[in-house]
Amino acid sequence: MARTHLDTLPNEVLHNVFRFLNYSDLKSVLLVCKHLMNIGTDPTLWKRIPLTIRSFVPIRNIPRLSSLQNLTIHGQFGFDPPQELFKQISKMSLKKLSLVKTDLTSIDPNVLAEAANSVESLEFTNYEHMDFMTKFQLEKILLGILKGSKLKYLDLDTLLTALDVSAALFSEAILNLQGLKSVGSHQESLPINSLLEEICRSASHLTLLDIQCHSLESTNPEMLASAVSQIETVNLEYCELGSIHVNEICKKLNQINCKLRNLNISCNSYYEEEDELDQSILSKALNKLETLTADKVVFNKNFFTELNSKSNLKKIGFDTIYTDDIPTDILAKSLNKLEELILYGWKPEASMDPQQSKLNVEGILSEMVTGETKIKILHLKGNFDWIDSDILTKVESKVKVKKFLSLY
């Protein structure tokens, strides 16, 4: 049988093969021969590959990178990108720009803003306790959003807590985006509260709001509920919510015009106020969501009964030590109707009824093995080393299991 050499394959076949190569392998192809280099330098092959640079690269002058869509500038090892790089970015067709520990203070605010507003997604990463950006630079970016921008998603990491930006400018600009992520420092944030108020008053394009670790303890519960009810996906993790906040959100969920579909209210303090959670509205309301993460909410039997019959939920994350008073069969059958399940928990001894807590977790897992489970992915977050290894092995043969030892 005659051998087929790589360079005898049609160009179309080679091009399709090269589409599956990563950055390093595709770069190696260019060094094989001139024929493969001509095919491998096609910009359409490189546009889908995320590129990370740690030194200056004249991207716009390299033909194969002319259609690049995803760029990360990494400053961890002392790379301070020159202004010329951002001028090049503003003239490209990038969709996503990520800035990791990058010192931007020397960049002209207008140049930085033009580059930032030329992409669809802008992410700042690992900026905690670092003076890598100025207030004026961020405000120029926000002004650019107001004037007309391609930007749809903005991830500020912890920048908002470090920079004293105008709350009015911030809230007005963010309404024009589709998604915002901002990590707080467990303190109240004037820009975030201003944004929530503005969402209640004005039309918003937001479909994603992730404001984890911004304290909302003193935020008006009705105002917060009104704001989040207008957004499809909301993350309020570590926001110091109280039971009254959860109750108001549930009231909004029971209304026909509520847009909220995915909610994370984990790592808050309402588990200490169990009696104040209004179970009469909570059970039905939270089952109208598609995904729910609420590790400290104490659910009663009605919630799981609702989950077993009339629920939109496809994914839940909750703490197993708060299920002592739920019958094992109801708990196991209802949760196995989900597509994805996150179980938070420590050893059963941490619960009020250790034996029942253990029976409940084992019942959930046994139902996955012997019942008609719909679960595709199971997350075990916390200490579950007490689970019988044989049961866990059988579970792993039916669903994908992801284990995380540390909870927080």
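Structure shown above.
Criteria and cut-off values
Residues numbered from 1 in each chain as written. Predicted model: local features only at pLDDT ≥ 70, side-chain atom pairs only at ≥ 80, totals over all residues. Heavy atoms only, no water. Helix = DSSP H or I, 4+ residues; strand = E, 2+ residues; numbered from the N terminus. Salt bridge = Lys/Arg side-chain N within 4 Å of Asp/Glu carboxyl O. Buried < 20%, exposed > 50% of the residue type's maximum accessible area, 1.4 Å probe, protein only. Pairing = 2+ DSSP bridges. Right-handed = clockwise from strand over helix to strand, strands pointing away.

Trainee: If you had to explain unusual backbone geometry to someone new, which residues and values would you point to?
Mentor: Its identity as a non-glycine residue notwithstanding, K101 has a phi of 45°, on the positive side. Here K101 is to be found in the loop between β3 (96-100) and α6 (109-116). The phi torsion at C213 lies on the positive side, around 70°, for a residue other than glycine. As for its position among the elements, C213 is in the loop between β7 (208-210) and α11 (221-228).

Trainee: Residues and numbers for the pattern of salt bridges, please.
Mentor: With the rule as written, the count across this model stands at seven salt bridges. Here K96 ties to E123 by a salt bridge, and the two come within 3.4 Å at their closest N and O atoms. Of this pair, K96 sits in strand β3 while E123 sits in strand β4 (residues 121-125), placing them 27 residues apart in sequence. Using a relative accessible area of 27% as the deciding quantity, one classes K96 as partly exposed. On the accessibility criterion, E123 (17% relative accessible area) is buried. The shortest N-O distance in the salt bridge between E248 and K251 comes to 3.2 Å. Of this pair, E248 and K251 both sit in helix α12 (residues 243-253), three residues apart, which is roughly one turn of the helix. The exposure class assigned to E248 is buried, which follows from its relative accessible area of 14%.

Trainee: Talk me through the pairing of strand β2 (residues 70-74); I want residue IDs and the actual numbers.
Mentor: Counting buried residues in β2 gives four out of five residues, a clear majority hidden from the surface. Relative to β2, strand β1 (residues 51-53) runs parallel, the two being bridged by three bridges. Paired with I53 across the strands is I73, a residue of β2. Across five bridges, β2 lies against β3 in parallel orientation. Bridge pairing links L71 to L97 in β3. Viewed along the sheet, the connection from β2 through helix α5 (residues 83-89) into β3 turns out right-handed.

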